[in-house]
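Close look at the chain arrangement
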Amino acid sequence: MTMKDKNIKKYKRIANKIIKLIPMYKAMSDSDLQNQTILLKERLANGEKAEKLLPQAYAIVAEADRRVLGLEPYYVQILGGIALFYGNVAEMKTGEGKTLTATMPMYLRGLMGKGNFLITSNSYLAWRDAEEVGKVYRWLGLTISVGVPKDASEEEVDKEAVYGSDIIYTTHSALGFDYLFDNLATTLEEQYVNTFNYVLIDEIDAILLDMAQTPLIISGAPKVQSNLFETSDWFVKSLSEGEDYLKSEDKRNVWFKEEGIKKAEKYFGIHGILIEEWRDLYRHLVLALRANQLLEENRDYVVEEGEILLLDEANGRKLIGTKLQAGLHQAIEAKEGVEITNETRSMGSITYQNLFKKFKILSGMTGTAKTDAEEFRETYNVNVIQIPTNKSIKRVDHPDEVYVTNKAKVLSSLKAVKEALKKGRPVLVETGSVAMSNLYSLLLLQQKIPHNLLNATTVAKESLIVSEAGRKGAVTVATSMAGRGTDIKLDPEAKESGGLLVLGTERMTSDRIDFQLRGRAGRQGDPGDTVFFVSMEDKIVVESAPKWVAKARKKLVEENEQKETAETKPLKEKKYDKIINKSQANRKNQEVESRKNILEYDEIISVQREMIYTARNKVMEGSIAFLEGIIQRSTENVIDSFTSEKTNLDRNKLIDFIYNNIAYNFDASTIDRELNDYGKKHVREYLKRMILTQIEQVHFKIPDSFQQLYFRRIVTLKAIDTMWIEQSDNLQQLKSVVNGRSWGQHRPIYEFQIEARRSFFEMKDEIWLNILRNLLLSDLVYNSDGSIDVDFP
Ligand code: ADP
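Residues numbered from 1 in each chain as written. Predicted model: local features only at pLDDT ≥ 70, side-chain atom pairs only at ≥ 80, totals over all residues. Heavy atoms only, no water.

Operational definition: UniProt positions are given in the numbering used here, feature names are shortened, and annotations may be inferred rather than shown by experiment.
As annotated in an unreviewed UniProt entry, the protein is Protein translocase subunit SecA from Enterococcus avium ATCC 14025. According to its UniProt record, the protein has this under Subunit (unreviewed entry): "Monomer and homodimer. Part of the essential Sec protein translocation apparatus which comprises SecA, SecYEG and auxiliary proteins SecDF. Other proteins may also be involved." UniProt's Catalytic activity (unreviewed entry) comment on the protein is quoted here verbatim: "ATP + H2O + cellular proteinSide 1 = ADP + phosphate + cellular proteinSide 2."

In structure tokens:
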């Protein structure tokens, strides 16, 4: 018996207990039932374990759900709720009622303290779900809030109120950004997200797998404009594939070959482009190569009025205001010959993987997770538990219809749509790209078949269309991510005629996404069918099939062109199914690898980020004595590092150092009086005396002890932040540099680690020095109300 079987048995036992308890709560008056929250909180406060209270708490919520919403949780929902409390991924099919399921674990966790999050993939869903079940939490006496504005026109949320609630519904990116911003705050009061107790992620696979490719980055202060983008672009455009650079099989990575490097050295007239001196140039070359070879106009971005607008891969929407990081955006601008915008610095970044690992307990729910159970376990240490459906599944998943050409495939699939319509069945056509959904819509139009094309600009509108896709004879064309999280309900006539037909026009990037699409049919025991129409010309086959397939495909297509009549016949041999499955498996593996790779890099960054954030927090909480200690350590460190330099000290160097770091108004003539030689010991004592006198001056200038504390705190934080932002930005760039360097002996991640460590130590020295500089060289401006403004050096 595996671990998981044991768990599900245990959960079933608990669920049975809950079912038995419900009648007791049913008999209670409203006020008695509401009062249970207080009783449970008291028992928790007296040291009783939450686990022990679980059956009662769940029975209470179940009864409250019935009274407030008119929905009584099914047995399987209770079971799912238990799995979620214990930090699992509950695989529950579409339409099983995950929103209601969440009320049980969220309530019990809410009783236990703050910092409990329900995460959705967009703001619309956070609001919709919170409005749907928020009443229950409130009725039971807990507070709930939504961490995102309701729509774009609304003001920002009141973070204090949001994060002070027992239960918070929000999105992954809102939480991530708030967390990063918290770590740029100067006082504890400006930090809001400080408790990471429990998180329940809805559509967990979409958030942790599909969206995990891009880390969250806060960007700020513009960098000095570089003129290397254009020259690098010219140079890179002169290179040829195979000779000067190579692309990975999946066309998602590209790197220089030795030959390309040699040409670059010649072109720019330098030697050893990989040494630190030329790192910035090299970075620009890598960016130019990526912009030219990996990013495609109209697929990844569009050029509009001299601006580059990125496109969302999943649904083709323009991502207004979003830019690629670390210079890639500027490289595309150079490629397209539009004006180059300012590069901004990354002021902090985190991947979703590491954000959600901060929680004591991580759980999630989705219709599809089993296919990726291994990755969930390895990366997040969570188990996937399959929860049975409330009613048995009647949906039929048909084998793929395989064709030689794309054209044959599409034409045959249109026939299938028409047949379903004849019976009055609703049809959902799922495509792998925006281009395909547009094409399909055009074909339907030619056949005079009315339909909805899902390319709505808002999620809310999209959800509305999806929710209506179950009406008799409705045809809806969508891409795979569209309207996720919205349930398709059948009307009685649609149910009569055989239910929803889900028709995929190609297999998606993983079997998990295929299942997600199939799962739109057959909810709550409804009838339904699913089928994928595929061809040897599908993107997934072209890009990810085993190598030998390319030749075989060419031959097949040529043969097919000769015999016109046979064109629309499907391929029946098993080997074609195998090709499709193998291509998809290859593609999926590449994505798993790429996510692992991102994580490996972020692990290294994460160690540094945690050290810095911990240090910041100590400074924010620290007493005056603690801050005095820091200043003392800065003094020692700065003197050590100045006097440890290998070259000999002399009068000029010393004067320079003092002017730059200790005192602007220093009278150099005093040196000759006070220092008779430049031996290290003497210089050290001299500097120490001088720094201590200067520090005393600061005391003198700010007599108020509270202001004194505050001043010390902000000079320290300022020093940490300035240097960390620099480092954080440096690491982002370093990542793109080493990533484009995988030939010969270079192991990118290894190089990244060495360089990241080295620069971290360098940064620490810089922080010590800057604390002292900020303390001694800041200009203080006294206002009439007694406050002081600080101008940092
Ligand atoms: P999912 O997210 O799992 O696809 P939803 O949470 O959107 O499902 O719920 C689907 C539908 O089922 C909703 O209309 C909801 O009101 C209904 N529902 C959920 N649980 C119950 C229940 N216990 N009894 C009756 N209807 C329910």
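**Let's talk about the overall build of the protein**
Condition: Note on conventions: DSSP H or I runs of at least 4 residues are helices, E runs of at least 2 residues are strands, and numbering of each starts at the N terminus. Between buried and exposed lies partly exposed: a residue is buried under 20% and exposed over 50% of the maximum accessible area for its type, with that area taken using a 1.4 Å probe on protein chains only. Residue contacts are counted whenever heavy atoms from the two residues lie within 4.5 Å of one another. Each accessible area value is a Shrake-Rupley result obtained with a 1.4 Å probe; residue values ignore everything except the protein chains displayed when judging cover. All tallies of charge rest on Lys and Arg as positive and Asp and Glu as negative; His and the ends of each chain are not included. Think of each charge as sitting on NZ of Lys, CZ of Arg, CG of Asp or CD of Glu.
Helix and strand counts for the protein stand at 30 helices and 23 strands. Projected onto its principal axes, the C-alpha coordinates of the protein cover approximately 105 × 80 × 55 Å. Going through the 793 residues of the protein one by one, you find that 52% of them count as buried. Sequence-distant contacts in the protein: of pairs separated by 6 or more residues, those separated by 24 or more amount to 75%. When the accessible surface of the protein is totalled, it reaches about 36800 Å², and 51% of it is carbon and sulfur. Within the protein, the 116 negative side-chain charges are centred at a point lying 7 Å from the centre of the 110 positive side-chain charges.

**Quick look at the site of the ligand**
Quick note on the threshold: We define proximity as follows: a residue is near a molecule or strand when any one of its heavy atoms falls within 4 Å of that partner. As used in this structure description, the phrase polar contact means that two N or O atoms lie within 3.5 Å; if the pair is within protein, one of them must be able to donate a hydrogen and the other to accept it, and residues adjacent in sequence are counted only when both atoms belong to side chains.
Every one of the 16 residues lining the ligand counts as a neighbour, but Glu-72, Gln-77, Gly-95, Thr-99 and Lys-489 are closest to it. Contact between the ligand and Glu-96: an oxygen atom at 3.5 Å from a main-chain N or O atom of the residue. Interatomic distance of 3.0 Å between a backbone N/O atom of Gly-97 and an oxygen atom of the ligand. When residues in the shell around the ligand are grouped by element, the largest group, 3 residues, is from helix α5 (residues 98-101).

**Observations regarding the environment of Gly-80**
Note on placement: Gly-80 falls in helix α4 (residues 75-85). The class for Gly-80 is buried, based on a relative accessible area of 0%. Not counting residues within four places of it along the chain, the set of residues in contact with Gly-80 comprises Ala-90, Met-92, Thr-101 and Ile-387.

**Here we look at the nonpolar core**
Just so we agree on the cut-off: Joining through side-chain atoms within 4.5 Å is the link that ties buried Ala, Val, Leu, Ile, Met, Phe, Trp, Tyr and Cys residues into a set, and such a set is a nonpolar core.
Within the largest apolar cluster, 77 residues are counted, with the highest numbers of intra-cluster contacts made by Phe-356 and Phe-376. In contact with Phe-356, not counting residues within four places along its chain, are Ile-119, His-172, Leu-175, Val-199, Ile-201, Ile-207, Leu-208 and Leu-362. Grouped together as the second largest cluster of nonpolar side chains are 55 residues, Ile-8, Ile-22, Leu-44 and Ile-144 included.

**Describing the packing of aromatic side chains**
Inclusion rule: Here a pair means two rings of Phe, Tyr or Trp (six-membered ring of Trp) with centres within 6.5 Å. Their orientation is stacked below 30 degrees between planes, edge-to-face above 60, and tilted elsewhere. Charges are assigned to positions over rings by a cutoff of 6 Å between ring centre and Lys NZ or Arg CZ, combined with an angular limit of 35 degrees from the ring normal.
In this structure the tally under the stated criterion is 19 aromatic pairs. An angle of 65 degrees between the planes, with centres 5.8 Å apart, marks the rings of Phe-235 and Phe-268 as edge-to-face. Separated by 33 residues along the polypeptide, Phe-235 in helix α11 (residues 228-237) and Phe-268 in helix α12 (residues 258-268) bring together distant segments of the chain. Between the aromatic rings of Phe-376 and Tyr-380, the centroid separation amounts to 6.4 Å while the plane-to-plane angle is 45 degrees, which identifies the pairing as tilted. With Phe-376 and Tyr-380 both in helix α16 (residues 373-380) and 4 residues apart, this pair spans about one turn of that helix. What links up through ring pairs into an aromatic cluster is the set Phe-117, Tyr-163, Tyr-179, Phe-196, Tyr-352, Phe-356, Phe-359 and Tyr-613. The ring of Phe-85 has Arg-109 lying over it, and the distance from NZ or CZ to the ring centre is 3.9 Å. Seen from the ring of Phe-196, Lys-358 lies directly overhead, with NZ or CZ sitting 5.6 Å from the centre.

**Here we look at the side chain of Ser-145**
Among the structural elements, Ser-145 can be located in strand β3 (residues 144-146). There is a polar contact of 3.0 Å between the side chain of Ser-145 and the backbone oxygen of Val-162. Once you skip the residues sitting within four places of it in the chain, Ser-145 turns out to touch Ala-161, Val-162, Ser-165, Ile-167, Ile-168 and Tyr-169.

**Comments concerning the packing of helix α25 (residues 624-643) against helix α28 (residues 680-701)**
Where we set the bar: Axes here refer to lines fitted to C-alpha atoms; in helices the fit is confined to the stretch in contact. Angles between the N-to-C directions go from 0 to 180 degrees. Geometric relationships in this document are graded by angle, where less than 35 degrees denotes roughly parallel, more than 145 denotes roughly antiparallel, 65 to 115 denotes roughly perpendicular, and other angles denote oblique. Working rule for handedness: look at the near helix, and if it is turned counterclockwise from the far one by less than a right angle, call the crossing left-handed; if clockwise, right-handed. Each residue is assigned to one class: nonpolar for Ala, Val, Leu, Ile, Met, Phe, Trp, Tyr, Cys and Pro, charged for Asp, Glu, Lys and Arg, and polar for all the others, Gly among them.
At their nearest, the axes of α25 and α28 sit 10 Å apart, and the two run at 150 degrees to each other. With respect to α28, the axis of α25 lies roughly antiparallel. Note that α25 runs across α28; the crossing there is right-handed. Residue-level inspection shows Glu-628, Ile-631, Thr-635, Glu-636, Ile-639, Asp-640, Phe-642 and Thr-643 of α25 in contact with α28, the latter providing Lys-680, Val-683, Arg-684, Leu-687, Lys-688, Ile-691, Ile-695 and His-699. In terms of residue class, the contact of α25 with α28 is built from 7 nonpolar, 3 polar and 6 charged.

**Remarks on the environment of Gly-622**
Mapped onto the fold, Gly-622 is located in the loop between α24 (574-621) and α25. The exposure class assigned to Gly-622 is buried, which follows from its relative accessible area of 10%. Separated by 57 residues in sequence, Gly-622 and Gly-679 have C-alpha atoms that sit 37 Å apart. Dropping the residues within four chain positions of it, Gly-622 is found in contact with Leu-627, Leu-709 and Arg-713.

**Side note on the sheet that holds β3**
To keep it simple, the criterion reads: We call two strands paired when DSSP finds no fewer than two bridges between them.
Strands sit in the order β3-β4-β2-β5-β13-β1-β14 across an open sheet of 7 strands; the sheet is parallel. Lying at the two open borders of the sheet, with one neighbouring strand each, are β3 and β14 (384-386). Averaged over all adjacent pairs, the angle separating strand axes in this sheet is 20 degrees, with direction ignored. Here strand β1 (residues 89-91) runs beside strand β13 (residues 361-366); their pairing, made up of 3 bridges, is parallel. Looking across to β13, one finds that Val-89 is bridged to Gly-364. Helix α9 (residues 172-182) contacts β2 (116-120) and β4 (167-171) of the sheet and is inclined by roughly 100 degrees relative to β4.

**Observations regarding the pattern of salt bridges**
Applied cut-off: Any Lys or Arg side-chain nitrogen located within 4 Å of an Asp or Glu carboxyl oxygen qualifies as a salt bridge.
Inspection of the entire model under this criterion finds 41 salt bridges. The partner of Arg-512 in a salt bridge is Asp-210, with the nearest N and O atoms 2.8 Å apart. In this pair, Arg-512 is assigned in helix α21 (residues 511-518) and Asp-210 in helix α10 (residues 204-210), connecting sequence segments 302 residues apart. Given a relative accessible area of 3%, Arg-512 falls into the buried group. Under the relative-accessibility criterion, Asp-210 is labelled partly exposed at 23%. Taking the shortest distance from any N to any O, the salt bridge between Arg-684 and Asp-640 comes out at 2.6 Å. Here the residue Arg-684 occupies a position in helix α28, and Asp-640 occupies one in helix α25, the gap between them amounting to 44 residues. Here Arg-684 falls in the partly exposed class, since its relative accessible area comes to 34%. Since its relative accessible area comes to 33%, Asp-640 is described here as partly exposed.

**Here we look at the pairing of β13**
Where a strand is regular, its side chains alternate between the two sheet faces. Within β13, 5 of the 6 residues are buried, leaving the element largely enclosed by the surrounding structure. With 5 bridges connecting them, strand β5 (residues 198-202) and β13 associate as parallel partners. Paired with Tyr-198 across the bridge in β13 is Ile-361.

**Remarks on α28**
The criterion, for reference: By this rule, a helix spans an expected 1.5 Å times one less than how many residues it contains. It is the directions from the helix axis to the C-beta atoms whose arc is reported.
Taking 1.5 Å of rise per residue, the 22 residues of α28 would be expected to cover 32 Å, and the 31 Å separating its terminal C-alpha atoms lies within 8% of that figure. When we look at burial in α28, the residues that qualify are Val-683, Tyr-686, Leu-687, Met-690, Ile-691, Ile-695 and Val-698. Projected down its long axis, α28 shows its buried positions confined to an angular sector of 170 degrees, all on one face. Pointing more than 90 degrees away from the buried face of α28 are the exposed residues Lys-681, Glu-696 and Phe-700.

**Let's talk about unusual backbone geometry**
Phi at Glu-305 is positive, roughly 45 degrees, even though this residue is not glycine. A relative accessible area of 86% means that Glu-305 is categorised as exposed. One non-glycine residue, Gln-524, lies in the positive phi region at around 45 degrees. Note that Gln-524 resides in the loop between α21 and β21 (528-535).

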